[in-house]
Structures are given as C-alpha cells and as structure tokens.
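Residues per chain, in single letters:
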Amino acid sequence: MNIMINVLADQHINHLTEYLHPEITITTYDPETGPEENQLRQADALLVRTVTQVDEQMLDLATKLKFIGTASAGTDHIDLDTLEARGVQFASSPGNNARSVAEYVATSILLWCGERKIAPESLTAGIVGVGNAGGQVRKVLNHLGLQTRNYDPPRQRREPKFKSDTLADILLCDVVTLHVPLSNDGTDATYNWLDEQKIKTSAAQLFINAARGGIADESALLAEKQERGSDYILDVWSDEPVFDDKIAATAFIATPHIAGYSRQSKRKAIQIVCDALNTHFNLEMPVGTQEQESKKTIAIYQPDSLDTILTHIHPIRHYDEQLRLLMGLHQEEKALKFAGLRNEIALREEFENIVINGDIIKEHPVLKKLGVDALP
C-alpha cells in the first residue's frame, strides 16, 4: 500500500507516529523560523501549534494543502476564512487542555489563599466563558468548596437551557477568571474585555487570565494593584512572546503560556487532530499502535504545608521562576527564550494521573478533591 501523503508538522508535536497512519510521510519544521517554502509546497497536510501563524501568504505557497490541524483549543492563529474559501479542511482540539487549565487555576487560587490567609470555601469565583475550560474550572472550584458565578451570554443565546449570570454578578465576586477565546470584532468581541472600568468597579481581590493575551488590560491590573492591593495571575500576555517586566514582576504568579500544558492534554490534542486527518484521507489506523497511559507515583512521605505539597505535584512555581529569569532581556532575546520555555519545559502530570502517600492525603484532604490518588 503506497499512501503518498506528506504531512508537515511542528517539531514539538509529539506522538505523531502513534496516531498517524504508519505509511504517511512526516516532515517537521522549527516553529521559531517557520516552515520553509519548499516544505510548504510539498505538504498535503499541515499540523501546527499556536506559535505558527497560518495566514494567506503562507497558504499561497502551500498549493497542495488539503488539511490543516492545530494541536490547540484556540484558533486565533489560523485564517479560517481563507481556509474555507480554498476548501482546506480544518481541525482543532477543543477541550484537550480544559482539565489542565482548571488545575492551573485551582492550584494558583489555593497558593494565593495560603499566602493571603484566606479560606478557599469563603470565596466566590466569577468564571467568564463557560465552555470546555471554563466548565472544568467551575467543576474543580466547586469541589474545593468555592461558590461560582458563570458569565457566558453567547452560550446562553446558543443554548436556552444555559443561564448566564449578569456582569454585575461577576464583578461582585472575590475572584474573576477568564476563559474566553480572543476575538477583535462583533458583538461578543473579547479583546480588552477586562478593561479599566470593569477592574475598577469590581470587588475582586484576584484576577486570573489563563485564556489569551489581550483579553485583560494588563496596565489596568497593575494600576489597581498599586491603588488597592488586588492581585493578578497571568499565564498569557498582550504582546506575547514579549511581556512587560513591571507587570510580570508585580503579578502574584506569572507563567509562560503553559496553563494547558500537561502530558495528558498534549496527547489528547494530537490524537484529536490526527484522527481528523486520518478520517479526511480515508486512512484506517492499525490496531495496537497507541501507548497506554499509566499513573505516576510522586514520592512525598514527609508531612508538610499544603503549599509545599502543591508545588511538588504542580510545578507552577517553577514555571513562574523560569519566566522571571527572562525579565530585563532585550525584546528579541526575551521572545526567543519565552518560546523556548514553551517548547522545552517538562510537561506535568494532571492530578488524576498522580499517586502519593495516603497519609499526606489524609492530612490535606483537598488533594483528594483535586483528583490526586493515594498509594494502596
């Protein structure tokens, strides 16, 4: 059987040989420089991440292209109108990183509560955007005892059974966390959604943006912190891969767009787009080519504070430290190293894939609520 399908893929997308038909030809490109012209001209399919902009200029070179897949939930890096006009099939991976994002939000809130001496169950969290990620955030935070308010007018219009809380309800919450796509136009545009006026009129003590840079006005967050001491956590940045040093330095947690990064989310993402690609080209995968997941035991046996345990099982503090090391660099070097962090940083395990000593869970039952399992 000679398939003769050429797939061009970002070199940092793993598991391709697991999920693509074994007779497909796979060529990789470096996302820092982008695909070469000759690679694009030969490609029948293109697999990218959010760091690659797929625009009309690129598509003019890729004359054989029949399929594009992005190993991400977001699609704002793809010119979808041009793809549709040219009849190129498109696939993304909505929901692949929803659990990982929810665990990032939950971990950051618990660390913030620990440092600020606040009981998590005393808080109300306003979730802006209640799709895949926002829905998981609501589920996890509810397990931790937080009350949640859910703001998603577009979903309410699409789904009559879904009731969105009001903007006023959200602005009264103790925590506001953003989970909407980035869009610049239309009734539901989200660019600069969390603007100076909303921030100033909000009662929130903590703002979180783990969605897309540009949804929150970072300068307004900084000004509000300086004025009344509210905190903010940023995983995404308005001028990414460059970020403002002063805004990062003042953040409670600042990370390099890795909230959705886990071994499980990456595997889910590529499986979704590869399944779509195989289906598009009418390819049936051989049986037994996919590896089975196994749980990971993390050796924690000594009693310690919840904050210390959390940073053992979720490297959010490490991500924060690595980003802060980039502060003070010139823009070009900062952008390059920011991208390097996203490409090379070790992927974490989602909580449901982690096993630790049962005595630790007895001491900190919140870990069980997060999904961490106990050693038998």
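Residues numbered from 1 in each chain as written. Predicted model: local features only at pLDDT ≥ 70, side-chain atom pairs only at ≥ 80, totals over all residues. Heavy atoms only, no water.

Enquirer: Kindly report on unusual backbone geometry, identifying the contributing residues and their values.
Expert: A cis geometry characterises the amide bond from Glu 240 onward to Pro 241, with omega recorded as 15 degrees. Topologically, Pro 241 is positioned in the loop between strand E10 (231–234) and helix H11 (245–250). Positive phi is not limited to glycine here, since Lys 117 has a value of about 60 degrees. Turning to its location among the elements, Lys 117 is positioned in the loop between helix H5 (98–116) and strand E6 (124–128). A residue is classified by how much of its surface remains accessible, and Lys 117, at 73% relative accessible area, is exposed. At Asn 282, a residue that is not glycine, the phi angle is positive and equals roughly 55 degrees. By relative accessible area, Asn 282 is classed as exposed at 72%. (Helix = DSSP H or I, 4+ residues; strand = E, 2+ residues; numbered from the N terminus. Buried < 20%, exposed > 50% of the residue type's maximum accessible area, 1.4 Å probe, protein only.)

Enquirer: Just give me the short version of the environment of Asn 184, but keep the residues and values in it.
Expert: Summarising the element assignment, Asn 184 is placed in the loop between strand E8 (175–178) and helix H9 (196–201). Expressed as a C-alpha distance, the spacing of Asn 184 and Phe 351, which sit 167 residues apart in the sequence, is 35 Å.

Enquirer: Tell me about the environment of Tyr 29, and name the residues and values.
Expert: Note that Tyr 29 resides in strand E2 (residues 25–29). On the basis of relative accessibility, which here comes to 2%, the residue Tyr 29 falls in the buried class. Sequence separation between Tyr 29 and Arg 99 is 70 residues; the distance between their C-alpha atoms is 29 Å. Apart from the residues lying within four places of it in its own chain, the contact partners of Tyr 29 are Leu 8, Ala 9, Asp 10, Gln 11, Gly 34, Pro 35, Gln 39, Leu 46, Leu 47, Val 48 and Thr 52. Side-chain polar atoms of Tyr 29 contact the side chain of Thr 52, separated by 2.8 Å. (Contact = heavy atoms within 4.5 Å. Polar contact = N/O pair within 3.5 Å; in protein donor to acceptor, adjacent residues only side chain to side chain.)

Enquirer: So, the nonpolar core: which residues are in play, and what are the values?
Expert: Core analysis: the largest hydrophobic core is formed by 48 residues, its most contacted members being Tyr 104, Ile 109, Ile 313, Ile 356, Leu 367 and Leu 370. Looking at which element gives the most residues to this core, the answer is H5, with eleven residues. Leave out the neighbours within four places in its chain, and Leu 370 touches Arg 99, Glu 103, Ala 106, Leu 110, Val 140, Leu 144, Leu 310 and Phe 351. Counting residues in each nonpolar core, the second largest holds 29 residues, with Leu 194, Ala 220, Ala 248 and Ala 251 among its members. (Core = buried A, V, L, I, M, F, W, Y, C linked by side-chain atoms within 4.5 Å.)

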